[in-house]
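Remarks on the overall topology
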Number of protein chains: 2
Amino acid sequence: MTTTPRTRLSPERRREQLLDLGVRLLAHRSLDELSIDLLAEEAGISRGLLYHYFGSKQAFHEAVVRHAADDLIAQTTPPTDGDPLERLLTSVTAYVDYVVANHEGYVSLVKAAAGGNESLRAIYEDARSALNGRVFREDVHGEIVPDTPANRLVVRGWSAMVEELVLSWIDDPRGVTRADLLAIVTGSLPAIVGVTPGR
Amino acid sequence: MTTTPRTRLSPERRREQLLDLGVRLLAHRSLDELSIDLLAEEAGISRGLLYHYFGSKQAFHEAVVRHAADDLIAQTTPPTDGDPLERLLTSVTAYVDYVVANHEGYVSLVKAAAGGNESLRAIYEDARSALNGRVFREDVHGEIVPDTPANRLVVRGWSAMVEELVLSWIDDPRGVTRADLLAIVTGSLPAIVGVTPGR
DNA sequence: CACTCTATTGACGTCCGTTCAATAGCGCCA
DNA sequence: TGGCGCTATTGAACGGACGTCAATAGAGTG
């Protein structure tokens, strides 16, 4: 119990510190399993300061999730040159590597999505729309996935699968190499589109 | 505010009533958004009675989720006759129809899974293992999906996709018929297995 | 009709999220 | 260098919700 004297940071740094800590703490606990006391102690601040910055526990969680979502989207932007398929593959590879590298942040994002609030789900939904939209945006001429209602649905399903694949693989990679995983992830999209009833 | 006089039920009936109510209430709220007060009032009982039956709010949630999971598994058991592929298709179709019919129950199961406790996730994990296991169990000779580590992973991913497809389709079925959905769901498994690196 | 068994209650204690007036770092100016 | 002011930070006090337990009252039985 090191009682560090009050340290005064700039609002930006403090906010950043609290968000990063939140991402870490919310990766393996749910929101109501995380007490403000623990969070405050872990950050070396008082309970009150958290409310000064975020207003409520709920709002803090939203800020944490948005933080993680923005980071994910920023770090997986597709390259601007190359042919459509190639750009998509690069982006998907970046996604896989991001999830592997930022496991905790990604898990806290996903946990918030399914388990939480309406507004939390909205944040996740926006993030995933951005990711899914790339498939159609990068593939303007419909070479890989023609833009139909059925394929919109398929891409949603495919991205859910990719998420599950990566998280499961991280959890237990036995018998499957990173290359195998990437082959499954990238190969499955055209494969599924191939069996989807067209218009 | 109808103040009904105290009604005395058999423990089985009371338990059943509370679980059914819990499934309904937990479909659209998370656990900490559901107060014991609301639950008790909705059920027409006192707060204390809930603790008599389940011991804690957490334990109540677990019972609700287990209730939903058992129901799902029971109502989608594959038939015992027919060839492997046919039995699987029947089971998957039953799964889709079950989710459509018991939307609330299924949502409260899924929400609990990603958002919740370790033990909640374990319950969901068991349920899904049971479902996924059918693919290999019903397909003993590996006609559809040979039992390899990569394919174990693929089936996990596929079932996550199926879940997302069905829930998204229920949310917005425009432009996709039930037959389309079933075609995507059933066709995608062999398609993905086809692009998966073998052993 | 009384009696017993047990399902059910409701008041109480405690913990935790939230508020707000008071406090004290840190840069700035003389 | 030293004091001053701005504002980041605190901690005690409040309220509401979870959880406990001895008391109560339905429902079947003799």
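Residues numbered from 1 in each chain as written. Chains lettered and ligands numbered in written order. Predicted model: local features only at pLDDT ≥ 70, side-chain atom pairs only at ≥ 80, totals over all residues. Heavy atoms only, no water.

**Observations regarding the protein's contact with DNA strand D**
Test applied: Throughout this document, a residue counts as near a molecule or strand when at least one of its heavy atoms sits within 4 Å of that molecule or strand. Polar contact criterion, stated in full: a pair of N or O atoms within 3.5 Å, where within protein one must be able to donate a hydrogen and the other to accept it, and residues adjacent in sequence count only if both atoms are side-chain atoms. Here the nonpolar group is Ala, Val, Leu, Ile, Met, Phe, Trp, Tyr, Cys and Pro; Asp, Glu, Lys and Arg are the charged ones; every other residue, Gly included, is treated as polar.
Taken together, 23 residues lie near DNA strand D, and Leu9(A), Arg14(A), Ser46(A), Tyr51(B) and Lys57(B) sit nearest. Ser46(A) places a main-chain nitrogen or oxygen 2.8 Å from a phosphate oxygen of DNA strand D. With respect to DNA strand D, the side chain of Tyr53(A) contributes an N or O atom lying 2.9 Å from a phosphate oxygen. Considering only residue class, the surface near DNA strand D consists of eight nonpolar, seven polar and eight charged.

**Thoughts on the confidence of the model for chain A**
Quick note on the threshold: On a range of 0 to 100, pLDDT expresses the predictor's confidence in each residue. Strands are runs of DSSP state E lasting at least 2 residues, helices are runs of H or I lasting at least 4, and numbering of each runs from the N terminus.
Averaged over every residue, the pLDDT of chain A is 93; residues scoring 70 or more account for 97%. Put simply, helix 6 (residues 103-115) of chain A is where chain A has its lowest mean pLDDT, 91, and helix 3 (residues 47-54) of chain A is where it has its highest, 98.

**Some words on the relation of the copies chain A and chain B**
Counted only if it meets this: We place the copies in one frame by least squares, fitting the C-alpha atoms of every residue whose pLDDT is at least 70 in both.
When chain A is brought onto chain B, the operation consists of a screw motion whose angular component is 180° and whose axial shift is 0.0 Å, with 0.0 Å RMSD remaining. Interpreted geometrically, this transformation is the action of a two-fold axis. It is Gly115(A) whose C-alpha, among those of chain A, lies nearest the rotation axis, at 1.7 Å.

**A short note on the interface of chain A and chain B**
Threshold: We call two residues in contact whenever any of their non-hydrogen atoms come within 4.5 Å of each other. Summed over both partners, the accessible area (1.4 Å probe) lost when two parts come together is defined as the buried area. What makes a salt bridge here is a side-chain nitrogen of Lys or Arg within 4 Å of a carboxyl oxygen of Asp or Glu, nothing more.
In this assembly, 38 residues from chain A lie in contact with 38 residues from chain B. Both faces considered, chain A and chain B share a buried interface measuring about 3,000 Å² in area, 68% of it formed by carbon and sulfur atoms. At the junction of chain A with chain B, the criterion picks out four salt bridges. The shortest N-O distance in the salt bridge between Arg156(A) and Glu164(B) comes to 3.0 Å. On the surface where chain A and chain B come into contact, there are eight residue pairs in polar contact (both at pLDDT 80 or more). Every element with two or more residues in the side of chain A that touches chain B is listed here: helix 6, helix 7 (118-137), helix 8 (149-171) and helix 9 (178-195) of chain A. Take the side of chain A that touches chain B: its biggest share by element is 13 residues, from helix 8 of chain A. Tallied by class, residues from the side of chain A that touches chain B come to 18 nonpolar, ten polar and ten charged.

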